[in-house]
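# Results of the structural survey
Now for the letters of each chain:
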Amino acid sequence: MTQTQTEPQTPAPPARDGARTSAAARGGPAAGPPASAPSTSPLRAWLAVIALALGTFSFVTTETLPIGLLPSIGAGVDVSVGTAGFLVTGFAAVAAITAAPLTTLCGRIDRKWLLAALLVIYVAGNLLATIASSYATLLGARILVALAHGVFWSIAAAIAVRLVPERHAVRATALVLGGISLASVLGVPLGTMIGQNSGWHTAFAAVAAIGFVVLVAVLFLLPSLPAQGSGSLGALPRVLRNGRLRTAVAVTALVMIGHFLAFTYIAPYLQEITGISGGMVGVLLLVFGAAGFIGNFVAGAVVGRSVRGTLLGALILMTGSLALLWVFGDSQAAAITLLVLWGLAFAALPVGLQTWVLQLAKEESDAASSLYVAAFNGAIAVGSLVGGLLVDSAAGPRAVTGVAAVLTACALLTLVLSGRGSSRTVKSA
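This section reports on the structure supplied with the text.

Note on placement: Ser418 falls in helix 17 (residues 398–418). For Ser418, a relative accessible area of 15% puts it in the buried group. A distance of 2.6 Å separates the side chain of Ser418 from the backbone oxygen of Leu415, its partner in a polar contact.

This part covers the nonpolar core. Core analysis: the biggest nonpolar cluster contains 82 residues, and Met256, Trp342, Leu349, Leu353 and Trp356 have the highest contact counts within it. The element best represented in this core is helix 15 (residues 332–360), accounting for 14 residues. Beyond its immediate sequence surroundings of up to four residues, Trp342 is in contact with His259, Ala262, Phe263, Ile266, Phe288, Met318, Ser321, Leu322 and Leu325. In this structure, Phe91, Tyr122, Val123 and Ala156 belong to the second largest nonpolar core, which totals 48 residues.

The next thing to look at is the packing of helix 14 (residues 307–328) against helix 15. Orientation of helix 14 relative to helix 15, taken along the N-to-C sense of each, is 150°, at an axis distance of 8 Å. Between helix 14 and helix 15, the angle falls in the class roughly antiparallel. In this structure, the crossing between helix 14 and helix 15 has a hand that is left-handed. Split into classes, the residues belonging to the contact of helix 14 with helix 15 amount to 22 nonpolar, 4 polar and no charged.

The rules behind each value
- Along every chain, residues carry numbers that run from 1 in the direction the sequence is written.
- The model is predicted, so local features are restricted to residues of pLDDT at least 70 and side-chain atom pairs to those at 80 or more, both for listing and for counting; the totals for chains, interfaces and linings are taken over all residues.
- Processing note: side-chain calculations cover all non-hydrogen atoms of the structure and skip hydrogens and water entirely.
- In this text, helices come from DSSP runs of H or I with a minimum length of four residues, and strands from runs of E with a minimum of two, each type numbered from the N-terminal end.
- Note on exposure labels: buried denotes an accessible area under 20% of the residue type's maximum, exposed denotes more than 50%, and partly exposed covers the range between, all computed with a 1.4 Å probe on protein chains only.
- Identification of polar contacts relies on pairs of N or O atoms within 3.5 Å, with a donor-acceptor requirement for protein atoms, meaning one able to donate a hydrogen and the other able to accept it, and with residues adjacent in sequence counted only if both atoms are side-chain atoms.
- We call a set of buried Ala, Val, Leu, Ile, Met, Phe, Trp, Tyr and Cys residues a nonpolar core when their side-chain atoms join them within 4.5 Å.
- Throughout, a contact is declared for two residues whenever any of their heavy atoms are within 4.5 Å.
- A fitted line through C-alpha atoms represents every axis, and for helices the fit uses only the stretch in contact; the resulting angles, taken between N-to-C directions, go from 0 to 180 degrees.
- Oblique is the label for any angle not covered by the other classes, which are roughly parallel (under 35 degrees), roughly antiparallel (over 145) and roughly perpendicular (65 to 115).
- When the near helix sits turned anticlockwise from the far one by under a right angle, the crossing is termed left-handed; a clockwise turn instead gives a right-handed crossing.
- The residue classification treats Ala, Val, Leu, Ile, Met, Phe, Trp, Tyr, Cys and Pro as nonpolar and Asp, Glu, Lys and Arg as charged. All others, Gly included, are polar.

By themselves, these figures tell us nothing about what the structure is for.
Below, the structure is given as structure tokens:
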């Protein structure tokens, strides 16, 4: 399928779980009346959307939770730091493999009860991690949560859109996706601080508690939401025929491999290369998260003007920061400054990439989002695996930033080349 890339003023919301969207959301005539929001009070509807945002925050936080705790987890279950990194790799690999097929196959299940089931699995897996005393048990707990992770992430925004009136669809979508972005930049530092102060088992107990709160909120706040999808795997090959969507997925994979290759092992990098004490790692990760919060806010403000421009700027800044970290990482002042710039750049990417994907596949938003989630999680798996091999090799922790810079540069080049020969309409806000 050949498409002309356009960059609308505001991102189009996901289709209502397979239902037709309005003419305004689709950028063309409506094929039929949009599905109406369920009968519920506005306050209850928005509280349910906030619960979904908290759910996405908790799921993505759980995925990356071990990153800042790898040395202590490795010591606790008697494995190397590189082997402990497979707790991130294995989780992401399972989520990547299962996200798209499980999301489509669950298309016939009432969304309220599907969310409840996913959250029960989430809480159970993290509670198992809190009592794990062996690496095998901890890895099994992580895989259990990963099975629910990809499905939750893929459907949360589409469910939020069904809860509110059509005119608030973009706001609801942005709120839920904000939970994902916030987890990407704040989940690791917060989990690291809890783990360093109270032990890594406590960090898993904390995310289990958050999941339980979300489960209760879903049961009490969400109305019944009958499934509107076909539950067919046929949507996946249809969206894969979209060449520009394949490019968006490729850019996502490259930049996220680069990011997580370096970020998964940022704790040993800061300790061994920069000379930061173990107690300060959590503080610096919190600084990274604070910078990311600002970057997320800025990206949300500018992505509607130009998705491509937002992505180009973020990729240039991230590539430069990683390359300079490789060169000047042994200077504490330089490393801290570059860590802040890296956080600013990275936080803009999930917002820009998700918006790009939704623009390119408005009629198949669930399937397209599941492919984006699969690429994102697959990249985490590959990045953390390669990073672990580098850290455990003679190259050591310094190499992860150099290799990461090369990969993000490849993502930047792919994005630049994708714009050549295409006509684009950039509307000003």
